[in-house]
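Coordinates in review
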Amino acid sequence: MPAGMKPLEKFLKKQTTALTRAGGFVGGVADKASGGTGASRRRASLSRVVPFFRETSPESGQAREVFSPDSEDPPSWPSATGTGLVTAPSSANSSGSGSGSGGGDVRSPSLSSDEQSSEASLITETGGGGGGGWGGTPLHADTPDNLMLAVLDSVAGKRYGHCTETLLDDFMLTHPIFLTADRLQQVLLQQFTLEGDVGGRGGEAEGERRNRRGGGGGGEMEGETEGAMDAAERKQAVLNVAFRYLETYRELLQEEGERSNSFPKELYMCAVQDLTRCPELVEDVLKLQRWTEILHCPSDEEKESRKKQVRPLFRHFRRIDACLQPREAFRGSDEIFCRVYTPDHSYVTIRSRLSCRVGEILALVREKLQYSEDQPVLPGHLILVAVTSAGEKAVFRPSDEAVFTTLGVNTHLFACEPSELDSLLPLPEEIHWTPGDSKLHDMSAEEVANQLVVFDWELFSCVHEVEFVCYVFHGEQSRWRPLNLELVLQRCSEVQHWVATEILQCQSLPKRIQLLRKFIKIAALCKQQQDLLSFLAVVLGLDNPAINRLRLTWEGLPGKFRKQFQQFEGIADPSRNHKSYRDLITSLRPPLIPFTPLLLKDLTFLHESCKTFHGELVNFEKMHKVAEMVRNIRRYRSTQLAMDTETSPSHLQTKAYVRQLQVIDNQNLLFDMSCKLEPKDT
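Please read all numbers here as calculations on a predicted model, not as lab measurements.

**Thoughts on the packing of helix α3 (residues 144-155) against helix α4 (residues 164-178)**
At a minimum axis separation of 10 Å, α3 and α4 run at an interaxial angle of 155 degrees. Considering their axes alone, α3 and α4 lie roughly antiparallel with respect to each other. The element α3 and its partner α4 pack so that their crossing is left-handed. Side by side, α3 and α4 meet where P144, L147, M148, V151, S154 and V155 of the first sit next to T164, L167, L168, F171 and F178 of the second.

**With respect to the pattern of salt bridges**
Under the criterion given, the structure shown has 23 salt bridges. Taking the shortest distance from any N to any O, the salt bridge between E335 and R351 comes out at 2.8 Å. Of this pair, E335 sits in strand β4 (residues 335-341) while R351 sits in strand β5 (residues 347-353); the two residues are 16 residues apart in sequence, bridging distant segments of the chain. On the basis of relative accessible area, R351 is assigned to the partly exposed category, the value being 49%. R491 is the partner of D456 in a salt bridge, and the nearest nitrogen-oxygen pair spans 3.9 Å. With D456 in helix α15 (residues 445-462) and R491 in helix α17 (residues 483-504), the pair connects residues that are 35 residues apart, well separated along the chain.

**Some thoughts on the environment of K439**
Within the secondary structure layout, K439 lies in the loop between α14 (428-431) and α15. A C-alpha to C-alpha distance of 9.3 Å links K439 and T654, two positions 215 residues apart in sequence.

**What to know about the packing of aromatic side chains**
Counted by the stated rule, this structure contains 12 aromatic pairs. An angle of 35 degrees between the planes, with centres 5.2 Å apart, marks the rings of W554 and F565 as tilted. One end of the pair, W554, is in helix α21 (residues 551-555); the other, F565, is in helix α22 (residues 559-572), and 11 residues separate them in sequence. Look at W554 and you get buried, because its relative accessible area is 13%. Each residue in the set Y245, Y249, F263 and W480 is aromatic and connected to the rest through ring pairs, giving one cluster. In this arrangement the basic side chain of K235 is found over the ring face of F192, its NZ or CZ atom lying 4.5 Å from the centre. One cation-aromatic arrangement involves K287 over F243; the distance from NZ or CZ to the ring centre is 4.5 Å.

**Things to note about the pairing of β5**
Burial along β5 is one-sided: V348, I350 and S352 are buried, while Y347, T349, R351 and R353, pointing the other way, are not. Note that β4 and β5 share seven bridges and pair antiparallel. In the sheet register, I336 faces β5, and the bridge partner there is S352. The antiparallel pairing of β4 with β5 creates a hairpin that spans five residues between the two strands, and H345 there sits at a positive phi of about 75 degrees.

**Here we look at the packing of helix α5 (residues 181-193) against helix α9 (residues 258-273)**
For the pair α5 and α9, the least separation of the axes is 10 Å and the interaxial angle reads 5 degrees. In terms of orientation, α5 and α9 fall into the roughly parallel class. Contact residues: D182, Q185, L188, L189, F192 and T193 in α5; R259, F263, E266, L267, C270 and A271 in α9. Its residues placed into classes, the contact of α5 with α9 shows seven nonpolar, two polar and three charged.

**A word on the confidence of the model for the chain**
Summing up the model confidence of the chain, the mean pLDDT is 75 and the portion of residues at 70 or higher is 67%. Here residues 1-135 is a poorly scored stretch, pLDDT under 50, and it has 323 contacts once near neighbours within four places are set aside; other chains count. In this model, residues 200-227 is a region of pLDDT below 50 whose contacts with residues beyond four sequence positions or in other chains number 48 contacts.

So, how was this worked out
Residues numbered from 1 in each chain as written. Predicted model: local features only at pLDDT ≥ 70, side-chain atom pairs only at ≥ 80, totals over all residues. Heavy atoms only, no water. Axes fitted to C-alpha atoms, helices over the stretch in contact; angles between N-to-C directions. Helix = DSSP H or I, 4+ residues; strand = E, 2+ residues; numbered from the N terminus. Parallel < 35°, antiparallel > 145°, perpendicular 65-115°, else oblique. Left-handed = near helix turned anticlockwise from the far one by under 90°. Contact = heavy atoms within 4.5 Å. Salt bridge = Lys/Arg side-chain N within 4 Å of Asp/Glu carboxyl O. Buried < 20%, exposed > 50% of the residue type's maximum accessible area, 1.4 Å probe, protein only. Phe/Tyr/Trp six-rings, centres within 6.5 Å; stacked < 30°, edge-to-face > 60°. Lys NZ or Arg CZ within 6 Å of the ring centre and 35° of its normal. Pairing = 2+ DSSP bridges. Nonpolar A, V, L, I, M, F, W, Y, C, P; charged D, E, K, R; others polar. pLDDT = per-residue confidence, 0-100.

This is how it looks when you write it as structure tokens:
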């Protein structure tokens, strides 16, 4: 990814000093040029969609910084070999003076009040107590391989029988953080092929580990035994864990092809050889055979879907027929069309894999230019540059991958020689906008809101739950790229700028007031249909400084709508850890679409507030909490969204409009347009 995009983690630490609660967008994609590490690229989009990371003090009315890892030490995770319980303070009343206390209030600015104590308390394994500081996971800090063995024990019924399902789900959702997929597959194969009985969690090695920690009973549940697994039990446990792994990562493993298909093939061959000794495994062997076929030969439905994979990436190549199709999940092997511009603003259209490297993109561009009549001289060394509508530039490295989904709303790719970098300018249509009446005047608020909800649900449903973990914990080093999650963040930014663009392009004051009313009604309808992504995006768009300053427009708004918008602003209020928003989402039942940037903010704070590793030991309490957050996301879409959309003559027109919004994302340009509509002296 290009050097210089602001990372999500850095953005959260700095708490966006340029923004107040109603401050809208200021920095935008200009942050790409501010410098940073390569691993930060994938976080750039979030810094453009969450403009409320500051709280307002009731006493002073001034914006104050909430907890920041830059200014306060995050709670330390004590050694697992220490004696006595060691916890971090878990409430505002903590004095921080107790033995082993971390000191100070370390509550997350992102978590609700009932989560504060559990988020801050990190209870590690000791000689006299058990784990479970975050809801009862019995697994203590241990090495990745030993955690894998403990999960196998649990599945075999030898330990933690009362919470096997939770343990297995915790491990499957979070293992990419501490255990690579290749290593997990290797451990499963090793355990399946072991000969003879094996003691719980590794026999003698586990006994030595318990003795080293101060006694054999620490942390064990009453009534549980550590009997040895016989060969059949062990093999059955391995197969059950393998099936859960294949079910959880099915789409991602299919994407990898032969690299991932080798694991079920090898496990299947081992299981077939053991059928004579363990005939009870015959059903599992047949199931494993089906899995090898699924990963190797997709179903007819999937094959037909893949034939349609050459499609535009929304916003960067507009085609009406494509935008009307239901949104499907993007995978790295999908082929897309995309425009790449040259310094004179001519362009070539390339067909590329979504995950391809920058070097491959440049090779395709060079091949196109070679046969172009408009390019008399073939360029020499080419570089790929992302240019925003505000003119900021970010140069990609040849080794960077999957750059398409990281582009901003009106950011375009340019191919040029290094000497031409300074001469690159945004496209003319991104700089000069012609005032005119909005198409929105001819559409009903109900139809627009319905189409927003349907499209948001399609995008949200495409995001694999593991993408949330990969986005926060791995960035560009992740084995599976969070492509679909990045598109959701891009959409959130797009809707915010769409609100400001439509209002500021309208020259007539009565029509602006009418648009303002319509957007408030659209927000109300999105909230009613439990689409909190578009609901908050519209509210934050109306809170943009360029819209907020339109005094005459707001004064013309009927009191009923002003009161309703004030209520919406209260929901977007970040004070008390976004309490109003959290109370609202807690009261809703699935299906619902959450405000995705806030989910990532919660995960990021959890990631930064406590360590993942202490030496070679994994903090599995932290993994349990991460998995709980992912399970909440799973719950939001546990029921399919059913929309009662009646087709009208204008249905397709509204659908195409909502899915291809024309927006201005240059805050300076928006503010200039605002000042022309209502000069400062009016």
